[in-house]
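Below are the chains, spelled out letter by letter.
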Amino acid sequence: MKKSIFYRNISVLILAFLLTSCGNKKEEPKQEVHTEVADNSVDLTREQFKIVGVTLGKIEMKALSGAIKVNGMLDVPPQNLVSISAPMGGILKSTELLQGLKVKKGEVIAVMQNADYIQLQQDYIDTKSQLEYLEAEYKRQEELAKENVNSQKTLLQSKTQYQSMMAKAGGLKAKLSLLGINTNQIENGNFQNTITLYAPISGYVTQVNVNIGMFVNPTDVMFKIVDTEHLHAELTVFEKDVPKLKIGQKVRFTLANETAERLATVYLIGREIQEDRTVRIHCHLDREDDQLLPGMYLKAYVEAGTQRVPALPNEAIVSFDGYNYVFESLPSGENGIHHFKMIEVITGVSELGFTEVQLSKELNSESTLVIKAAYDILSKMKNSEGDEAQAH
């Protein structure tokens, strides 16, 4: 039993010795590495370079098709959305409109009543009568003027009174016409105390803001009617993506609670940048659907077309603290030390394993970059910074 314990202790001592030896061997390269981390640089020994599996390469020109992700909503042109108000104040006598009801152009949508309508008609008849008298008087004064019986002053006064009354009669007639009252019927003694409102377009009622017996002012919006046959997609695009837009580009979009994509075509591109640095683009739907409603939110992708752009493999680009970086390989130093510098990069379209990058003063087509194991180098760099901070 004692012999067994003895051999077991001997084994433990040998294992501890081996582990200590291995540990010392691991620390030796660490001293040999002589890693220097200065802001955005990192060094690797020849052995570390092989173990990590670093692969170097350059920026390539790749044909990538970009799809700009945007949000928006369905809308209608101004001529397809009508707000209906009363041309003259009055009490709503009758209406059958309800939200969602479909109406046709020219259909009666409301009848209004007001004693002022009668007063307006009376004023027109009085003015019409005075106009006839003044017209006859003016003609008489003209005849007298030809015979030099009256003065030019009398003729001028008669002409002024006649023209003034004619203007007043014309204004009253225009007001009555605006109310839809036929002046021929008034002249025959047929007055009316109501006016009728008609639907100016065909469409669906989206708002009903009045009720029977309510007094409505000319500034009040009584109803809203929208024609949904010509809906369009109004998209919001960020300023940086505007140069990629062209009229005629295809748009793929989905509505809320829908999985099937719909298609549209870019028709107009806004010429004003909003306060939030966005631009509005107007798109026509490839297939009309009268079941859709204005105001529906949508998510869309604008096909920006295929073009050759500078690109790198996705694994060559690392993300850190919300920014994207690449590692440039600098000339090797003594003892086979590999030097790398981290460069911030602006990315674009990603497709088929490649991502577009923008060239800059620090980054060009001749730069030798890490295209494989970039994250390993980033990890090494951050660990080295941590060790240096602890040492201080």
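This section reports on the structure supplied with the text. (Residues numbered from 1 in each chain as written. Predicted model: local features only at pLDDT ≥ 70, side-chain atom pairs only at ≥ 80, totals over all residues. Heavy atoms only, no water.)

Below, the discussion takes up the overall build of the protein. Helices and strands together make up the secondary structure of the protein, namely six helices and 22 strands. Evaluated residue by residue, the protein yields a buried proportion of 34% over its 392 residues. Sequence-distant contacts, at least 24 apart, represent 73% of the contacts inside the protein between residues at least 6 apart. Carbon and sulfur atoms make up 52% of the accessible area of the protein, which totals about 24,600 Å². (Helix = DSSP H or I, 4+ residues; strand = E, 2+ residues; numbered from the N terminus. Buried < 20%, exposed > 50% of the residue type's maximum accessible area, 1.4 Å probe, protein only. Contact = heavy atoms within 4.5 Å. Areas by Shrake-Rupley, 256 points an atom, 1.4 Å probe, with all protein chains shown as cover.)

One finds I109, A110, M112, M222, F223 and I225 to be the most contacted residues of the largest nonpolar core, which totals 27 residues. Mapped onto this core, the elements with two or more residues apiece are β4 (81-84), β7 (108-113), α3 (115-146), α4 (152-179), β8 (194-198) and β11 (223-226). Every residue in contact with I109, bar those within four places of it in the chain, is listed here: I84, S94, T95, E96, L97, L197, Y198, A199 and F223. Counting residues in hydrophobic clusters, the runner-up holds 24 residues, among them F253, I281, C283 and L285. (Core = buried A, V, L, I, M, F, W, Y, C linked by side-chain atoms within 4.5 Å.)

Read across the sheet, four strands follow the order β8-β7-β5-β10 without closing on themselves; strand pairing throughout is antiparallel. Since the sheet does not close on itself, it has two edges, and those belong to β8 and β10 (215-216), each with one partner. (Pairing = 2+ DSSP bridges.)

Attention now goes to the packing of aromatic side chains. Any pair of aromatic rings gets described here by the distance separating the centres and the angle formed by the planes. Tallied over the full model, the rule gives two aromatic pairs. Their ring planes at 5° and their centres at 6.4 Å tell us that F49 and F340 sit as a pair that is stacked. Residue F49 is located in helix α2 (residues 46-52), and its partner F340 is located in strand β19 (residues 338-344); the two are separated by 291 residues in the primary sequence. Each member of the pair, F49 together with F340, is buried. Seen from their ring centres, Y138 and Y162 are 5.6 Å apart, and the 10° between their planes marks the pair as stacked. Here Y138 is found in helix α3, whereas its partner Y162 is found in helix α4, with 24 residues between them in sequence. Using a relative accessible area of 15% as the deciding quantity, one classes Y138 as buried. (Phe/Tyr/Trp six-rings, centres within 6.5 Å; stacked < 30°, edge-to-face > 60°.)

Summary: where empty space remains is shown by rolling a probe the size of a single water molecule over the atoms. Computed from the structure, the second largest pocket encloses a volume of approximately 350 Å³. Sorting the residues of the lining of the second largest pocket by element identifies β3 (60-75), β16 (297-313) and β20 (347-351) as the ones contributing at least two each. Here the lining of the second largest pocket gets five residues from one element, more than from any other, and that element is β3. A breakdown of the residues in the lining of the second largest pocket according to their chemical character gives six nonpolar, six polar and five charged. (1 Å grid on protein atoms, 1.4 Å probe; cavity = no way out; pocket = protein on both sides within 12 Å on 5 of 7 lines; lining within 4 Å. Points joined across faces, edges and corners; volume = space filled by probe spheres on them. Nonpolar A, V, L, I, M, F, W, Y, C, P; charged D, E, K, R; others polar.)

What follows concerns the pattern of salt bridges. Tallied over the full model, the rule gives 13 salt bridges. Residues E60 and K62 are paired through a salt bridge, measuring 3.6 Å at the closest nitrogen-oxygen approach. Residue class for E60 comes out partly exposed when judged on its relative accessible area of 37%. With a closest N to O distance of 3.9 Å, E143 and K146 form a salt bridge. With E143 and K146 both in helix α3, this residue pair falls three residues apart, about one helical turn. (Salt bridge = Lys/Arg side-chain N within 4 Å of Asp/Glu carboxyl O.)

Take the sheet that holds strand β6 (residues 102-103) next. A sheet is described by the order of its strands in space; here four strands give the open sequence β4-β11-β9-β6, paired in antiparallel fashion. With one partner strand each, in any of the chains shown, β4 and β6 form the two edges of the open sheet. Bridging between β6 and strand β9 (residues 203-208) involves two bridges; their strand directions are antiparallel. In the strand pairing of β9, K102 is matched with Y204.

On the secondary structure map, D241 appears in the loop between β12 (232-238) and β13 (250-255). D241 sits in the buried class, given a relative accessible area of 6%.

What follows concerns the pairing of β3. As defined by bridge partners, β3 adjoins β16 across 13 bridges and the pair is classed as antiparallel. Bridging from a neighbouring strand, A67 pairs with E303 of β16. Bridge count for β3 against β12 is five bridges, and the pairing is antiparallel. Along β12, the bridge assignment pairs D75 with H232.

This part takes up the environment of Q113. Note on placement: Q113 falls in strand β7. Judged by relative accessible area, which is 30%, Q113 ranks as partly exposed. Residues in contact with Q113, not counting those within four places in the same chain, are G90, I91, K93, N193 and T194.

This part covers the environment of D227. Inspection of the secondary structure puts D227 in the loop between β11 and β12. D227 sits 124 residues away from V103 along the chain, and the two C-alpha atoms are 9.8 Å apart. Apart from residues lying up to four places away in sequence, D227 is in contact with V76, N80, I201, S202 and G203. Within polar-contact distance, the side chain of D227 engages the backbone nitrogen of E229 at 3.1 Å. (Polar contact = N/O pair within 3.5 Å; in protein donor to acceptor, adjacent residues only side chain to side chain.)

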